[in-house]
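Inside the fold
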Amino acid sequence: AQTVTQSQPEMSVQEAETVTLSCTYDTSENNYYLFWYKQPPSRQMILVIRQEAYKQQNATENRFSVNFQKAAKSFSLKISDSQLGDTAMYFCAFMNRGAGSYQLTFGKGTKLSVIP
Amino acid sequence: NAGVTQTPKFQVLKTGQSMTLQCAQDMNHNSMYWYRQDPGMGLRLIYYSASEGTTDKGEVPNGYNVSRLNKREFSLRLESAAPSQTSVYFCASSEFGYEQYFGPGTRLTVT
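Since this is a predicted model, take the numbers as computed values, not measurements. (Residues numbered from 1 in each chain as written. Chains lettered and ligands numbered in written order. Predicted model: local features only at pLDDT ≥ 70, side-chain atom pairs only at ≥ 80, totals over all residues. Heavy atoms only, no water.)

**A word on the packing of aromatic side chains**
Per the stated rule, a full pass over the model turns up 18 aromatic pairs over all chains. Geometrically, the ring pair formed by Tyr37(A) and Phe106(A) is tilted, given 6.0 Å between the ring centres and 50 degrees between the ring planes. Here the residue Tyr37(A) occupies a position in strand E5 (residues 32-39), and Phe106(A) occupies one in strand E11 (residues 104-106), the gap between them amounting to 69 residues. A residue is classified by how much of its surface remains accessible, and Tyr37(A), at 0% relative accessible area, is buried. Cluster of aromatic residues (ring-pair linked, three or more members): Tyr33(A), Phe35(A), Tyr37(A), Phe91(A), Phe106(A), Tyr33(B), Tyr35(B), Tyr48(B), Phe90(B), Tyr98(B) and Phe102(B). Over the aromatic face of Phe10(B) sits the side chain of Arg43(A), whose NZ or CZ is 5.4 Å from the ring centroid. The residue whose ring lies beneath Arg97(A) is Tyr98(B), and the NZ or CZ to ring-centre distance is 5.0 Å. (Phe/Tyr/Trp six-rings, centres within 6.5 Å; stacked < 30°, edge-to-face > 60°. Helix = DSSP H or I, 4+ residues; strand = E, 2+ residues; numbered from the N terminus. Buried < 20%, exposed > 50% of the residue type's maximum accessible area, 1.4 Å probe, protein only. Lys NZ or Arg CZ within 6 Å of the ring centre and 35° of its normal.)

**A closer look at the state of the cysteines**
Here, the word disulfide means a covalent bond between the sulfur atoms of two cysteines. The tally for this structure, following the rule as stated, stands at two disulfides over all chains. Covalently, Cys23(A) is tied to Cys92(A) through a disulfide, its sulfur atoms 2.0 Å apart. Taking the torsion about the S-S bond as the criterion, the Cys23(A) to Cys92(A) disulfide, at about -70 degrees, is left-handed. Remark: Cys92(A) occurs in strand E10 (residues 88-96) and Cys23(A) occurs in the loop between strand E3 (19-21) and strand E4 (24-26); sequence separation between them is 69 residues. Classification of Cys23(A) as buried rests on a relative accessible area of 2%. A residue is classified by how much of its surface remains accessible, and Cys92(A), at 1% relative accessible area, is buried. In this model Cys23(B) forms its disulfide with Cys91(B); the gap between the sulfur atoms is 1.8 Å. Here the disulfide of Cys23(B) and Cys91(B) is left-handed, its torsion about the S-S bond being about -75 degrees. Of this pair, Cys23(B) sits in strand E3 (residues 19-25) while Cys91(B) sits in strand E9 (residues 87-94); the two residues are 68 residues apart in sequence, bridging distant segments of the chain. On the accessibility criterion, Cys23(B) (3% relative accessible area) is buried. (Disulfide = S-S within 2.5 Å.)

Dropping the structure here:
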């Protein structure tokens, strides 16, 4: 079974600054995807970014980028130029693409507060 | 294009009552999922349907049943609600092996 660990229950960052959220995972699989989801106070789960394990290049989406270290099983999320709207819970998630279910295993989340 | 919709948004039940949570998606996805979210626990998979006509248990299936009514709809039933089932329930859908898209959630309280 896979496990996902987010070691930072809460973080804060000043508006316009950069913050990095940590995530580590444990798996013996080779074919997998990793995701970061954002959950603002509205409760909606919003996909932020996806990383395919077979790709060496780190994924980026506008102000969001990841640092994917496959050997270390680490998948951190960097948010640049933080905005007030980035205030949310952030969840790291793992998907084993070798299994037929394609289910997600989530970490417990990091609560990010962006301070004006 | 509404994406994934869930009804109801909020529900209060008494212990022992039953109810069904409804989920529908309009993205023509094959796979659908039910998760629950508890404080400090992240999201945990209850049941999933990899494709129309199939359903399988996830990490926390006890006390729940599901029905994949057709390709669009996937319902979650609580036969005899217990206080331990107080949670926020999310439905999600995806195409095989790609990112999942979530509904807005249902906040369920069992007293």
